[in-house]
Amino acid sequence: MTADPWEFQVECVEAFVASWRARGFSPVTVENDIGLLERTLNALGRPAWDVTPEDIDRVVGDLALAGRAASTRREYVQIFKGFHRFLQVRKAVEIEVGFGVRLVCPVDEFNASRHVGDDSPAQLPPPTPERVAEFFDFLKARIATARKYGPAARDYAMFRTLYHAGLRSEEASLLERPDVHFSRCPFGKLHVRFGKGAHTSGPRPRWVPMLDGLDLVLHWFLDDVRGKFPNSPVLFADESGGSLHRGTIRNRLAI
């Protein structure tokens, strides 16, 4: 092993990422989590095995002062905790021999981020059914006046799918055309092959029924809209035929 702690940490990060791929994490998940881990380690400012509880307190406190959401602070703590656990299982002997440190996780009961139910109440209540109906009416009307019919129609079908099937943005972005099964159950089902899992479990596939007329929306989308995009397996493709990034989906929702 290299004697330089920063070079060794880079090697450890690469091995940690390789373990994600071995467990079947989607490329989009891997890319996003690599960025999150790098930001976390940069903020801590020292090799992971030298991080103290006070360092965790400092980083989480700085995020809070910067106005970052509790969910973001929780993600920083969880990604570091997962990496540190990887070091304990795979690299503990090398770290103790090379750097004289016996690994003890600095995430404890006092700085471990709480889950959603423990966070402060949301400042805004969820939208009412009437507000949701207005939103979809707006999207539908925009199709007729949009400069590009295809993306506007795709967004309408995509957000209807997010709402009626209860999908996360990343789950919807990774859907492919063969995942739409109109013949399953009375209204059809979506095969969500890259369902959200815990950080240590990898993707969790599941079947989701197409309720509330979603089957009709997707029939229309596949028959009249999808052909306006490049030929590829992706269901809600971008204008190059690739998958939309979850951040792009959220940005389009804010437009």
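Shown above is the structure to which this text applies.
Here's a quick rundown of the structure.

Rules of the game
Residues numbered from 1 in each chain as written. Predicted model: local features only at pLDDT ≥ 70, side-chain atom pairs only at ≥ 80, totals over all residues. Heavy atoms only, no water. Helix = DSSP H or I, 4+ residues; strand = E, 2+ residues; numbered from the N terminus. Buried < 20%, exposed > 50% of the residue type's maximum accessible area, 1.4 Å probe, protein only. Contact = heavy atoms within 4.5 Å. Areas by Shrake-Rupley, 256 points an atom, 1.4 Å probe, with all protein chains shown as cover. Lys, Arg positive; Asp, Glu negative; His and termini not counted. Charge placed at Lys NZ, Arg CZ, Asp CG, Glu CD. Pairing = 2+ DSSP bridges. Polar contact = N/O pair within 3.5 Å; in protein donor to acceptor, adjacent residues only side chain to side chain. Patch = residues over 30% accessible without salt bridge, like charges linked within 9 Å, V, L, I, M, F, W, Y side chains within 5 Å. Salt bridge = Lys/Arg side-chain N within 4 Å of Asp/Glu carboxyl O. Axes fitted to C-alpha atoms, helices over the stretch in contact; angles between N-to-C directions. Parallel < 35°, antiparallel > 145°, perpendicular 65-115°, else oblique. Left-handed = near helix turned anticlockwise from the far one by under 90°. Nonpolar A, V, L, I, M, F, W, Y, C, P; charged D, E, K, R; others polar.

### Quick notes on the overall build of the protein chain
Here is step 1: When you go through the protein chain residue by residue, the secondary structure sums to nine helices and three strands.
Here is step 2: Its helices and strands taken in sequence order, the protein chain reads α-α-α-α-α-α-α-β-β-β-α-α from the N to the C terminus.
Here is step 3: Overall, the protein chain is about 65 × 40 × 35 Å in size when its C-alpha atoms are taken along their principal axes.
Here is step 4: Residues classed as buried in the protein chain amount to 40% of the 255 residues present.
Here is step 5: In the protein chain, 61% of the contacts between residues at least 6 apart in sequence involve partners at least 24 apart.
Here is step 6: When the accessible area of the protein chain is evaluated, it comes to approximately 14400 Å², of which 53% is carbon and sulfur surface.
Here is step 7: When the 34 positive and 33 negative side-chain charges of the protein chain are each reduced to one mean point, those points stand 5 Å apart.

### A look at the sheet that holds strand 2 (residues 189–192)
Here is step 1: Reading across the sheet, the three strands line up as 1-2-3 and stay open at both edges, with antiparallel pairing between neighbours. Because the sheet does not close on itself, it has two edges, and the strands there are strand 1 (180–181) and strand 3 (206–209).
Here is step 2: For strand 1 and strand 2, the ladder comprises two bridges, and the chain directions are antiparallel. The residue bridging Val180 from the neighbouring strand is Leu190, located in strand 2.

### Digging into the side chain of Asp179
Here is step 1: Within the secondary structure, Asp179 sits in the loop between helix 7 (169–173) and strand 1.
Here is step 2: Owing to a relative accessible area of 4%, Asp179 belongs among the buried residues under this scheme.
Here is step 3: At a separation of 2.7 Å, a polar atom in the side chain of Asp179 contacts the side chain of Arg193.
Here is step 4: With residues near it in sequence (within four places) discarded, Asp179 still touches Leu174, Lys189, Leu190, His191 and Arg193.

### A closer look at a negative patch on the surface
Here is step 1: Together, Asp4, Glu7, Glu11 and Glu14 give the surface a local cluster of negative charge.
Here is step 2: Looking at the element boundaries, Asp4 is found in the segment before helix 1 (5–22).

### Some thoughts on the environment of Leu174
Here is step 1: Position of Leu174 relative to the elements: it lies in the loop between helix 7 and strand 1.
Here is step 2: As a C-alpha pair, Leu174 and Phe159 span 15 residues in sequence and 14 Å in three-dimensional space.
Here is step 3: Apart from the residues lying within four places of it in its own chain, the contact partners of Leu174 are Ser26, Val28, Asp179, Arg193 and Phe194.

### Things to note about the pattern of salt bridges
Here is step 1: Applying the stated criterion across every chain yields a total of twelve salt bridges.
Here is step 2: When the shortest N-O distance is used, the salt bridge between Lys148 and Glu239 registers 3.1 Å. Placement of Lys148 in the loop between helix 5 (129–145) and helix 6 (149–165) and of Glu239 in the loop between helix 8 (214–225) and helix 9 (246–254) is noted, with a sequence separation of 91 residues between them.
Here is step 3: Look at the salt bridges and you will find they share partners, linking Arg46, Asp55 and Arg58 into a network.

### Some remarks on the pairing of strand 2
Here is step 1: Bridge analysis of strand 2 against strand 3 gives four bridges, and the strand direction is antiparallel. If you follow Val192 over to strand 3, its bridge partner there is Arg206.

### A few points about the packing of helix 1 against helix 2 (residues 27–44)
Here is step 1: At a closest axis distance of 11 Å, the pairing of helix 1 and helix 2 adopts a crossing angle of 155°. Considering the angle they form, helix 1 stands roughly antiparallel to helix 2. Relative to helix 2, the crossing made by helix 1 is right-handed. Residues Gln9, Val13, Phe16, Val17, Trp20 and Arg21 of helix 1 pack against Val30, Asp33, Ile34, Leu37 and Leu41 of helix 2.
Here is step 2: Of the residues in the contact of helix 1 with helix 2, the class split is eight nonpolar, one polar and two charged.

### Considering unusual backbone geometry
Here is step 1: Unusually for a residue other than glycine, Cys185 sits at a positive phi of about 60°.
Here is step 2: The topology assignment puts Cys185 in the loop between strand 1 and strand 2.
Here is step 3: Even without a glycine there, the phi angle at Asp212 is positive, about 55°.
Here is step 4: Within the secondary structure layout, Asp212 lies in the loop between strand 3 and helix 8.
Here is step 5: Among the residues examined, Asp212 registers a relative accessible area of 60% and is labelled exposed.

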